[in-house]
Amino acid sequence: MDAATLPALTIHEARSLLDSRQVSSVDLTKAVLERIAQIEDRVKAFVTVTEDLAVEQAERADARIAKGDAAPLTGIPMQLKDNMATRGVATTCSSKMLENFVPPYDATVTQRLYDQSAVLVGKGNLDEFAMGSSTENSAFFPTRNPWDPERVPGGSSGGPAAAVAASECFYSLGSDTGGSIRQPASLCGVVGLKPTYGLVSRYGLVAFASSLDQIGPITKDVTDCALVMNAIAGHDPKDSTSLNIEAPDYTNALGRDLEGLRIGVPTEYFVKGMEPGVEDATRESIEILSQLGAEVVEMSLPHTSYALAVYYILAPSECSANLARYDGVKYGFSDREADTMWDALERTRGRGFGPEVKRRIMLGTYALSAGYYDAFYLKAQRVRTIIRREFENAFEGLDAIVSATSPTVAFELGAKTADPVQMYLSDVLTLPANIAGIPGMSVPAGMSDGLPVGLQVLGKALGEETIFRIAHALEQATEWHKMRASV
Ligand code: GLN
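All residue numbers refer to positions counted from 1 along the written sequence of the respective chain. A pLDDT threshold of at least 70 governs which residues receive local features in this predicted model, and a stricter bar of 80 or more applies before side-chain atom pairs are shown or counted, although totals over entire chains, interfaces and linings include all residues. Values reported for side chains reflect all heavy atoms of the structure, with hydrogen atoms and water molecules removed beforehand.

**Q** How should I be thinking about the packing of aromatic side chains in this particular structure?
**A** Centre distance and the angle of the planes are the two values used to describe a pair of aromatic rings. Side-chain rings of Phe, Tyr and Trp, where Trp is taken by its six-membered ring, are said to pair if the distance between their centres is within 6.5 Å; with planes under 30 degrees apart they count as stacked, over 60 as edge-to-face, and otherwise as tilted. Within this structure, the stated rule accounts for 14 aromatic pairs. Centre to centre, the rings of Tyr-373 and Tyr-377 are 5.2 Å apart; their planes meet at 35°, and the pair counts as tilted. Burial classes: relative accessible area under 20% of the type maximum marks a residue as buried, over 50% as exposed, and values in between as partly exposed (1.4 Å probe, protein chains only). Taking relative accessible area as the criterion, Tyr-373 reaches 32% and is therefore assigned partly exposed. Through a chain of ring-to-ring contacts, the aromatic side chains of Phe-101, Phe-129, Tyr-326, Tyr-331 and Phe-353 assemble into a single cluster. Here the basic side chain of Lys-44 rests over the ring of Phe-141, its NZ or CZ set 4.6 Å away from the ring centre. In our convention, an over-ring charge means Lys NZ or Arg CZ found within 6 Å of a ring centre and within 35 degrees of that ring's normal. Above the plane of the ring of Phe-270 lies Arg-283, whose end atom (NZ or CZ) is 3.9 Å from the centre.

Take a look at the structure:
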């Protein structure tokens, strides 16, 4: 097998080559590292490449395979978004605040992948502290879309989505607070799943907005997504929000038709400003779902238009509390020039955080302050309950809800940086799922002007299996997942 073709394989294709001893994990890992060396200048998907660690882990994976003891992800090279703790490997959140922070422990997701002898090739770039939709808020450099280097990969998990789309790793993990897995997956033409709130442990994920954050897989196809979910889902006593349930084998949901499923299409999700190419691809994909046997029904989620406002009160409020820990004392960047404690605190935070993070902290502290708390934070919590109930009611008669993932395809670098509200609108279709705590997947569903379009499949809480079933059926009926960016 030609080493140059290895990185473009899926996890399940690589697995059979590993298991039949046609390639070793060291072969795969070196091929991926070679690919990174060739194209990373143009993509910029990695904050750190862990070359030596990767080869060492690959050798250990090969020993395990030789013993006939391989797990589904053994020996497969992967990346992790750089807000997930990796012991001994810098975890920066793409922020100056944590530029030199090396965690003394592994996140639970890291540990679970290591338990399978997965191979870490590096850490993925993100919008600073996961705040953004284009990866342009990274304090280090923007990531570029592998389909067109003049365009953004989406965000905040832009590094992970771009790395998977450019075959710089077989899969990555992202985090999703308002769309940060699904929107970049959509813009880069790969699969991204935000699981039900609490299904994947967040122990070791740097907190942004704790009532919304979830970790999930970014992969080349739906089968790979199920394999990664099998590894990371399930109860973790170290995360108090972790659901105390046994996760199912998600691969059981694959390969079934859609007979008997009722799928809702909310009219409100064809938002004003949606690009015609995105709308066309979305409607064509929905038509395919009905040809595959699903009953497709038009329906309404009338409170959708409030979700953006609710999110941009709750997420900044929670972020302002979570980011209070960066005081220059406990860990991370510390400005030691100042004479007094207050000066040191001010200078540390003033220099350590970038403009978007500061904006969020100010919005959040304002919404939480005495006199404004009731008008903003409390009211947003009430509307959150209404949105959550609206989904619960809708799912009483439906198995899933589908829409476009993003109203636009990948936009040009710089196109939205001057106007935060335009940037916030990128997530108008994804953030309701975080507000309601329900799962959502973006699956490749077409092209518009040579750029990928994703279909979002939303399910009820813990309805991941239905999402996998629908996304896999659509994938198998189309060719989109076979397309690879030509970077
Ligand atoms: N783009 C949204 C924000 O900036 C969502 C980010 C995320 O999901 N981490 O908050």
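**Q** Please clarify how the sheet that holds strand 9 (residues 400-404) should be interpreted in this entry.
**A** Each strand in a sheet pairs with its neighbour through backbone hydrogen bonds, running either in the same direction (parallel) or in the opposite one (antiparallel). Across the sheet, which stays open at both edges, the 11 strands sit in the order 1-3-2-4-6-5-10-11-9-7-8 with mixed pairing between neighbours. Each edge of the sheet is formed by a strand with only one pairing partner; in this case those strands are strand 1 (46-49) and strand 8 (295-299). Neighbour-to-neighbour, the strand axes of the sheet open up by a mean angle of 30°, direction not taken into account. Relative to strand 3 (residues 119-124), strand 2 (residues 77-81) runs parallel, the two being bridged by 5 bridges. The partner of Met-78 across the bridge, within strand 3, is Leu-120. We call two residues in contact when some of their heavy atoms are within 4.5 Å. In this description, a line fitted to the C-alpha atoms serves as the axis of each element, helices being fitted only across the stretch in contact, and the angle between N-to-C directions of two axes falls anywhere from 0 to 180 degrees. Helix and strand definitions here come from DSSP, where helices need a minimum of 4 consecutive H or I residues and strands a minimum of 2 consecutive E residues; each element is numbered from the N-terminal end. The strands that helix 8 (residues 276-291) touches are strand 7 (262-266), strand 8, strand 9, strand 10 (440-448) and strand 11 (451-459); relative to strand 11, the one it contacts most, it runs at about 50°. The rule for pairing is simple: two strands pair if DSSP sees at least two bridges between them.

**Q** Just checking my understanding: could you explain unusual backbone geometry for this structure?
**A** Backbone geometry follows two general trends: most residues other than glycine have a negative phi, and most peptide bonds adopt the trans configuration. Geometrically, the link from Gly-155 to Ser-156 is a cis peptide bond, its omega value of 5° lying close to zero. As for its position among the elements, Ser-156 is in the loop between strand 3 and helix 5 (158-165). Positioned with a positive phi, Thr-135 is a non-glycine residue whose angle comes to about 70°. Take Thr-135: it is sitting in the loop between strand 3 and helix 5.

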